[in-house]
Amino acid sequence: LWVNPSPAAPVQRIPTNSMLVVGELASPLMGTYPFAYEGFTPNLIDFDESYLDRFPVLGLMRFDATADAAQASETLEKWVSTGRTAIVELSGMEQPFVGGGEFMDVDVVRLELNNSMEIVWSDELSMLPTRLSLSNIPGAAWSGAAYRNLDRVYAEVVRGGERHSVLGYKNVGAGRV
């Protein structure tokens, strides 16, 4: 998803302006990518093009797309198509995408995840665990998202005997979402 052009070392210098995270409750992305910058607003369309151009990677999690989902999709598509990468998590975004909506030509459906689930990984990730337990997460279930129409799928969860894509990417011009 993100590659540092410098080789790994005991002390790693993190490049400035490596990633911008846009959305509410972005702490999972901020924890995963501690070098990221958190956006000043959860609405992608509030950022002008020159500001977005400072970052090679954009992370979106529970971003505000209710005002104009089409404009957010258009903004992201234009930005990514030049060869950049966007990491987009649509879990918990029942409106406007989950429930049959689409974002960047990827269909998004709500997927309730609870207890324990089987995960089927792509061949190159087959060494990862095949079960994930959610029993220690408070509440009845976790609202996840399954994605259809991806160009590449890395992980699927098995629910009711059916496989649902939960991790992958869509090619957009010279970039990926």
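A few points on the structure.

Cut-offs used in this document
- Residues numbered from 1 in each chain as written.
- Predicted model: local features only at pLDDT ≥ 70, side-chain atom pairs only at ≥ 80, totals over all residues.
- Heavy atoms only, no water.
- Helix = DSSP H or I, 4+ residues; strand = E, 2+ residues; numbered from the N terminus.
- Buried < 20%, exposed > 50% of the residue type's maximum accessible area, 1.4 Å probe, protein only.
- Contact = heavy atoms within 4.5 Å.
- Areas by Shrake-Rupley, 256 points an atom, 1.4 Å probe, with all protein chains shown as cover.
- Patch = residues over 30% accessible without salt bridge, like charges linked within 9 Å, V, L, I, M, F, W, Y side chains within 5 Å.
- Salt bridge = Lys/Arg side-chain N within 4 Å of Asp/Glu carboxyl O.
- Lys, Arg positive; Asp, Glu negative; His and termini not counted.
- Charge placed at Lys NZ, Arg CZ, Asp CG, Glu CD.
- Pairing = 2+ DSSP bridges.
- Core = buried A, V, L, I, M, F, W, Y, C linked by side-chain atoms within 4.5 Å.
- Axes fitted to C-alpha atoms, helices over the stretch in contact; angles between N-to-C directions.

## A few points about the overall build of the chain
The helix and strand tally for the chain stands at 3 helices and 13 strands. Evaluated residue by residue, the chain yields a buried proportion of 40% over its 177 residues. The contacts of the chain with a sequence gap of at least 6 include a subset with a gap of at least 24, amounting to 57%. Accessible area for the chain stands at about 9,900 Å²; split by element, carbon and sulfur atoms hold 50% of it.

## Describing a negative patch on the surface
On the surface, a cluster of negative charge is made up of Glu74, Glu77, Glu102 and Asp105. We classify aspartate 105 as partly exposed; its relative accessible area is 45%.

## Topic: the pairing of strand β11 (residues 162-169)
By the bridge criterion, 7 bridges tie strand β10 (residues 152-159) to β11 in an arrangement that is antiparallel. Note that in β11 the partner of valine 157 across the bridge is histidine 164. Taken together, β10 and the strand that follows it, β11, pair antiparallel across an intervening segment of 2 residues, in which glycine 160 is found at a positive phi of about 60°.

## What to know about unusual backbone geometry
Despite not being glycine, asparagine 149 shows a phi value in the positive range, around 80°. As for its position among the elements, asparagine 149 is in the loop between β9 (142-148) and β10.

## Points about the nonpolar core
When a protein is soluble and globular, its nonpolar side chains tend to lie buried together. In terms of nonpolar packing, the biggest core is built from 24 residues, with Leu58 and Leu76 touching the most fellow members. Looking at this core, the elements with two or more residues in it are β1 (19-22), β3 (57-61), α3 (69-80), β6 (106-113) and β9. The dominant element in this core, judged by the number of residues it contributes, is α3, at 4 residues. The contacts of leucine 76, once residues within four sequence positions are left out, are Leu44, Leu58, Leu60, Ala86, Val88, Phe103 and Met104. In this structure, Val21, Ala26, Leu29 and Tyr33 belong to the second largest nonpolar core, which totals 10 residues.

## Brief notes about the sheet that holds strand β7 (residues 116-121)
Here 4 strands make up an open sheet; going across it, the order is β8-β7-β10-β11 and the pairing antiparallel. Bordering the open sheet on either side are β8 (131-133) and β11, each of which pairs with just one other strand. Taken pair by pair, the neighbouring strands of this sheet meet at an average axis angle of 30°, ignoring direction. Bridging between β7 and β8 involves 3 bridges; their strand directions are antiparallel. Across the sheet, residue glutamate 118 finds its bridge partner in β8, namely arginine 131.

## A look at the pattern of salt bridges
Counting across every chain of the model gives 5 salt bridges. With a shortest N-O distance of 2.5 Å, arginine 152 and glutamate 124 are connected by a salt bridge. Here glutamate 124 lies in the loop between β7 and β8 and arginine 152 lies in strand β10, a separation of 28 residues in the sequence. Residue arginine 163 is joined to glutamate 156 by a salt bridge in which the shortest nitrogen-to-oxygen separation is 3.2 Å. The exposure class of arginine 163 is exposed, given its relative accessible area of 53%. For glutamate 156, a relative accessible area of 18% translates into the label buried.

## So, the environment of leucine 60
Relative to the helices and strands, leucine 60 resides in strand β3. In this structure, the C-alpha to C-alpha distance between leucine 60 and alanine 26, residues 34 residues apart in sequence, is 8.1 Å. Not counting chain neighbours up to four residues away, the residues in contact with leucine 60 comprise Val22, Leu29, Leu44, Leu76, Ile87, Val88 and Glu89.

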